[in-house]
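# Working through the structure, step by step
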Amino acid sequence: MTRTEYRWLLPSAMADPELPGDRARRRRTVRDWVVDITAFLCAAFIGMIAVSVIDADESTADVVVFVDSVAGAVACCALWFRRRWPVGLAVALTAVAVVEPVAVGALLVALFSLAVHRPLKPTLIVGAAALVTVPIQPLVRPDPQTGYVASVLFGVLLVLLVLSWGLGVRSRRQLVLSLRERARRAETEAGLRAEQAQRLAREAIAREMHDVLAHRLTLLSVHAGALEFRPDAPTAEIARAAGVIRDSAHEALQDLREIIGVLRGPGETGEGERPQPTLTTLDALIEESRQAGMKVTLDQRVAAPADAPAATGRTLYRIAQEGLTNARKHAPGTEVTVTVTGGPGDGLTVEVANPAPTEPFERVPGSGQGLIGLTERATLAGGSLEHGPTPDGGFVVRARLPWAS
């Protein structure tokens, strides 16, 4: 059941998100009408008792009884405005009740409404004024059947009772509203966290797709371009290029299946997961690039590459893969140098450098998103990455990754 469905069961201050002290005009709910009618009847009942007591006194003139009855009726009818002007109504009834005992019931209801709908300060001020007038009323309009002290004590207890009751109701409403606001805020924050998690997951998947597929597709583009612009190449070279295209396409399909499997969730791929690349598989990446026709020199000075953390090794592998891909696209025919150094406690450093291209070539389009993704990947791994042109016109990508001792 939603709040809209049971709103009629709540007071208007609880059905709306504002605090009970908010001065905004609200429409009465069904519960408000029931409470208002009950309060009116209670005040009228107390007023009728007071009128009957006054009328029973033979010394009281009929005109006084009539005036008291009219004043009591007006005071009870004024209670219909207690939600809109609780402070003004309570002040007015406090003054009227000094000379009109029949307005005492309406005054108690007004004090209760004041304590519920207004903050503590105006409630205490008006309540103190009502307590001050309690000893005055028996002096102005003494009750022949009740002594002065008893009338004062009874009046003070009634005022304190309705004020305490109203303050308790207000405190409970504020507690419920604060809990509701906390729940609403927690729900909003949970939605934001879920949205952020989805965004991060999409970014991670996009980064992985770029790192994995860009390498394969670049091989396809380079060798397909070579076949297009050199149709008179030797048969062996054409066959080797076709083999590279076939192998790269096969590997790209395999990588794409893996990524789709991640999107579908565990247990839905239908195939076993392929092993993730690590620092130990870097040699295979270099060999694959050499078979594709690149000139690559690997300088690896890591004492125990198999002991490197899997996540760090995978990040280093992707950085080297992207560096080779960029060199193949923007500096074909040049000799690329891949340098890996470091060890436990010192971290790992990978550098992929290539000189400026010396021969004209068919440029492969690129967006630069790969280097942005590598920077994010290195930062997430706790390291850093820098890249840029060298003084001789080449390009270098250098990353530092942590490796705890």
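Please refer to the structure higher up on the page.
Notes on the structure in this doc start here. Everything numeric in this text was worked out from a predicted model, so none of it was measured.

### Things to note about the environment of Pro135
As for its position among the elements, Pro135 is in the loop between α6 (120-133) and α7 (136-140). We classify Pro135 as partly exposed; its relative accessible area is 25%. Through-space distance from the C-alpha of Pro135 to that of Val98 is 9.2 Å; in sequence the pair is 37 residues apart.

### Regarding the nonpolar core
Across soluble globular proteins, nonpolar side chains have a tendency to be buried as a group. Judged by nonpolar contacts, the single largest core of 28 residues is most densely connected at Leu279, Leu316, Leu324 and Val340. At the level of secondary structure, the elements contributing two or more residues to this core comprise α10 (282-291), β1 (295-302), α11 (310-330), β2 (335-343), β3 (347-354), α12 (369-380) and β5 (395-401). The element contributing the most residues to this core is α11, with six residues. If we skip the residues at most four places from it in the chain, Val340 touches Leu279, Leu282, Asp299, Gln300, Arg301, Val302, Leu316, Thr349 and Val350. Judged by nonpolar contacts, the second largest core, of 26 residues, contains Cys76, Leu89, Leu107 and Ala130.

### Observations regarding empty space enclosed by the protein
For the structure shown, the criterion picks out one cavity of 30 Å³ or more. The calculated volume of the largest cavity comes to roughly 30 Å³. Forming the walls of the largest cavity are Asp36, Ala39, Phe40, Cys76, Leu79, Trp80 and Arg82. With three residues, helix α2 (residues 30-56) is the largest single contributor of residues to the lining of the largest cavity. Among the residues making up the lining of the largest cavity, the classes are represented as five nonpolar, no polar and two charged.

### Some details on the packing of helix α4 (residues 86-99) against α6
For the pair α4 and α6, the least separation of the axes is 10 Å and the interaxial angle reads 5°. As far as their axial angle goes, α6 and α4 are roughly parallel. Here Val87, Ala90, Val91, Thr94 and Val98 of α4 lie close against α6, whose contacting residues are Pro122, Val126, Ala129, Ala130 and Thr133. The residue inventory of the contact of α4 with α6, partitioned by class, reads eight nonpolar, two polar and no charged.

### Brief notes about the side chain of Ser151
Of note, Ser151 is situated in helix α8 (residues 148-229). A distance of 2.9 Å separates a polar atom in the side chain of Ser151 from the backbone oxygen of Gly147. Once residues lying within four places of it in the same chain are set aside, the contact partners of Ser151 are Pro138 and Thr146.

### Describing the pattern of salt bridges
According to the stated counting rule, one finds 10 salt bridges in the structure shown. Residues Asp36 and Arg83 are paired through a salt bridge, measuring 3.0 Å at the closest nitrogen-oxygen approach. Here Asp36, found in helix α2, pairs with Arg83, found in the loop between α3 (62-78) and α4; they are 47 residues apart in sequence, far enough to count as distant. Here Asp36 and Arg83 have matching classes, each one buried. Connected through shared salt-bridge partners, Glu351, Glu386, Arg398 and Arg400 make up one network.

### Points about the sheet that holds β2
One open sheet accounts for five strands, arranged β1-β2-β3-β5-β4; its pairing is mixed. Lying at the two open borders of the sheet, with one neighbouring strand each, are β1 and β4 (384-389). Neighbour-to-neighbour, the strand axes of this sheet turn through a mean angle of 10°, independent of strand direction. Sheet topology note: the β3/β5 ladder contains seven bridges and is antiparallel. In the sheet register, Val352 faces β5, and the bridge partner there is Val397. Sheet strands in contact with α10 are β1 and β2, and its direction is about 170° off that of β1. Together, β1, β2, β3, β4 and β5 form the strand contacts of α11, whose direction differs from that of β3 by roughly 5°.

### Considering the packing of aromatic side chains
Two numbers describe a pair of aromatic rings. These are the distance of the centres and the angle of the planes. Under the criterion given, the structure shown has four aromatic pairs. Note on Trp33 and Trp80: the rings are 6.0 Å apart at their centroids and 45° apart in plane angle, and the pair reads as tilted. Here the residue Trp33 occupies a position in helix α2, and Trp80 occupies one in the loop between α3 and α4, the gap between them amounting to 47 residues. Overall, the relative accessible area of 29% leaves Trp80 in the partly exposed class. Here Phe40 and Trp80 contribute two aromatic rings whose centre-to-centre distance is 6.0 Å and whose plane-to-plane angle is 35°, an arrangement assigned as tilted. One end of the pair, Phe40, is in helix α2; the other, Trp80, is in the loop between α3 and α4, with 40 residues separating them in the sequence. Accessibility expressed as a relative area gives 23% for Phe40, which makes it partly exposed. Among the aromatic residues, those joined into a ring-pair cluster are Trp33, Phe40 and Trp80.

Parameters and conventions
- Residues numbered from 1 in each chain as written.
- Predicted model: local features only at pLDDT ≥ 70, side-chain atom pairs only at ≥ 80, totals over all residues.
- Heavy atoms only, no water.
- Helix = DSSP H or I, 4+ residues; strand = E, 2+ residues; numbered from the N terminus.
- Buried < 20%, exposed > 50% of the residue type's maximum accessible area, 1.4 Å probe, protein only.
- Core = buried A, V, L, I, M, F, W, Y, C linked by side-chain atoms within 4.5 Å.
- Contact = heavy atoms within 4.5 Å.
- 1 Å grid on protein atoms, 1.4 Å probe; cavity = no way out; pocket = protein on both sides within 12 Å on 5 of 7 lines; lining within 4 Å.
- Points joined across faces, edges and corners; volume = space filled by probe spheres on them.
- Nonpolar A, V, L, I, M, F, W, Y, C, P; charged D, E, K, R; others polar.
- Axes fitted to C-alpha atoms, helices over the stretch in contact; angles between N-to-C directions.
- Parallel < 35°, antiparallel > 145°, perpendicular 65-115°, else oblique.
- Polar contact = N/O pair within 3.5 Å; in protein donor to acceptor, adjacent residues only side chain to side chain.
- Salt bridge = Lys/Arg side-chain N within 4 Å of Asp/Glu carboxyl O.
- Pairing = 2+ DSSP bridges.
- Phe/Tyr/Trp six-rings, centres within 6.5 Å; stacked < 30°, edge-to-face > 60°.

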